[in-house]
Amino acid sequence: MQHRAYQPVLPCGNKYLQQKWDITCYKEHRRKVKSAQPMVNTTSPQAYGHLHVKMKKLKLEEERLSVIQRDNDMLLGKMSYIMRTTGRIDNRNDYEYKSLSREKRQQELLRVTKENQVILERISHCGSRYSVERWREDWRRTEKYMERIAHYPRRQSPACNRKIKAMSSRNKTKKNEGKEKDKEDKRACVPGSHQPNKGSERKEKTETEERESSSGAETYEDTREETEQTTEQGDAHKE
């Protein structure tokens, strides 16, 4: 009686048959939906055994371990033999080192030393192509020209200035000593005794001043000659 209450989508002559047909179509549709396959393959790729388990690597590792085990066994046997016996020493070596190219190297060394000696003789006996005396004469001539042309006196070297200052200080000390001696002599003079003559004192002072002036000129000339010698030595050293 249920088929009477069934309301089909389309008009039909028999509701009972139409209900059965619709139910069978729906079931077939559900079956197709359940058994439907996707258009894109989303499954995991196939796994290959030779990619995950590398037999060559395992074989090499096994061979390495076997070699290590063999070496360990050999070492253990040697150590056990040494412990059981007194052992032996095998570190003596009576071999003498012999070079195959010793004579060749000695000949090469002799050749090089001879060539160096020849070069040294040539350098030592070689004369200079420049005349030092001519350079000195030219320099002296230029110095004379400079002294004639210069408006102010030429500036001396620091060493010469130091020597002149030392000479002046010595002269001052000598003058001071002479003055002190004169004062002492005056104080030592007693009244009634022989007094020194003023004329003789003036003569002695003039003589001492002349000596100091002459010694200062001589020292100035000496210092000038020394400076010239030092400049000539520096030029020779540069040459």
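Owing to the predicted nature of the structure, the values given are computational and were not obtained by experimental measurement.

### So, the overall build of the protein
Each helix and strand in the protein was counted, giving 8 helices and 0 strands. When the elements of the protein are put in sequence order from the N terminus, they spell out α-α-α-α-α-α-α-α. Within the protein, buried positions represent 4% of all 239 residues. For the protein, the proportion of contacts with a sequence separation of at least 24, taken over those separated by at least 6, is 50%. Of the roughly 24,000 Å² of accessible surface on the protein, a fraction of 54% belongs to carbon and sulfur atoms.

### Considerations on the pattern of salt bridges
All told, the structure shown has 7 salt bridges when counted by the stated rule. A salt bridge links E108 to R111; the shortest N-O distance between them is 2.2 Å. Of this pair, E108 and R111 are both found in helix α5 (residues 102-125), 3 residues apart, which corresponds to roughly one turn of the helix. The partner of R136 in a salt bridge is E133, and the shortest N-O contact between them spans 3.5 Å. On the criterion of helical spacing, the pair formed by R136 and E133 is a turn pair, its members being 3 residues apart in helix α6 (residues 132-149). Given a relative accessible area of 25%, R136 falls into the partly exposed group. Connected through salt bridges with shared partners, the residues E108, R111 and E115 form a single ionic network.

### Some remarks on a positive patch on the surface
Together, K172, K175, K179, K183 and R187 make up a positively charged patch on the protein surface. Look at K183 and you get exposed, because its relative accessible area is 52%.

### Concerning α6
Over its 18 residues, α6 extends 26 Å from the first C-alpha to the last, a length consistent with the 26 Å expected when each residue adds 1.5 Å. Two to three positions downstream of the cap, the backbone nitrogen of R134 sits 3.4 Å from a side-chain oxygen, assigning the N-cap of α6 to S131.

### Observations concerning the packing of aromatic side chains
Aromatic rings considered in pairs are described by the distance between their centres and by the relative angle of their planes. Evaluation of the coordinates by the stated rule reveals 1 aromatic pair. Ring centres of Y130 and W135 lie 5.6 Å apart, and the angle between their planes is 40°; this geometry places the pair in the tilted category. Residue W135 is classed as partly exposed on the basis of its relative accessible area of 41%.

### Quick look at a negative patch on the surface
On the surface, E177, E180, D182, E184 and D185 cluster together into a patch of negative charge. Relative accessible area serves as the criterion here: at 52%, E184 is assigned to the exposed category.

### Details of the confidence of the model for the protein
In this model, the protein carries an average pLDDT of 77, and 70% of its residues clear a pLDDT of 70 or more. Segment residues 192-199: pLDDT under 50, and 2 contacts once partners within four positions in sequence are set aside and those in other chains are kept.

Rules and cut-offs
In this numbering scheme, every chain counts its residues from 1 along its sequence in written order. Owing to the predicted nature of the model, reporting of local features is limited to residues with pLDDT of at least 70; listing and counting of side-chain atom pairs is limited to 80 or more, with chain, interface and lining totals taken over all residues. Water and hydrogen atoms were dropped before computing side-chain values, which therefore reflect all heavy atoms in the structure. Helix and strand assignments follow DSSP, with helices taken as H or I runs no shorter than four residues and strands as E runs no shorter than two, numbered in order from the N terminus. Only protein chains enter the accessibility calculation, which uses a 1.4 Å probe. A residue is then buried if its area is under 20% of the maximum for its type, exposed if over 50%, and partly exposed in between. The criterion used for residue contact is that any of the two residues' heavy atoms lie within 4.5 Å. Only the protein chains shown count as cover for residues, and all accessible areas are computed by the Shrake-Rupley method using a 1.4 Å probe. In the sections that follow, a salt bridge refers to a side-chain nitrogen of Lys or Arg positioned within 4 Å of a carboxyl oxygen of Asp or Glu. Patch building starts from residues that exceed 30% relative accessible area and form no salt bridge, then joins like charges within 9 Å and nonpolar side chains (Val, Leu, Ile, Met, Phe, Trp, Tyr) within 5 Å. Two residue types count as positive, namely Lys and Arg, and two as negative, namely Asp and Glu; His and chain ends fall outside the count. Every charge is mapped onto a representative atom, which is NZ of Lys, CZ of Arg, CG of Asp or CD of Glu. An expected span of 1.5 Å times one less than the residue number is assigned to each helix. A 3.5 Å cut-off defines polar contacts: any pair of N or O atoms within that distance qualifies, except that in protein one atom must be a possible hydrogen donor and the other a possible acceptor, and neighbouring residues in sequence count only when both atoms are side-chain atoms. Side-chain rings of Phe, Tyr and Trp, where Trp is taken by its six-membered ring, are said to pair if the distance between their centres is within 6.5 Å; with planes under 30 degrees apart they count as stacked, over 60 as edge-to-face, and otherwise as tilted. The predictor's confidence in any single residue is recorded as pLDDT, a number from 0 to 100.

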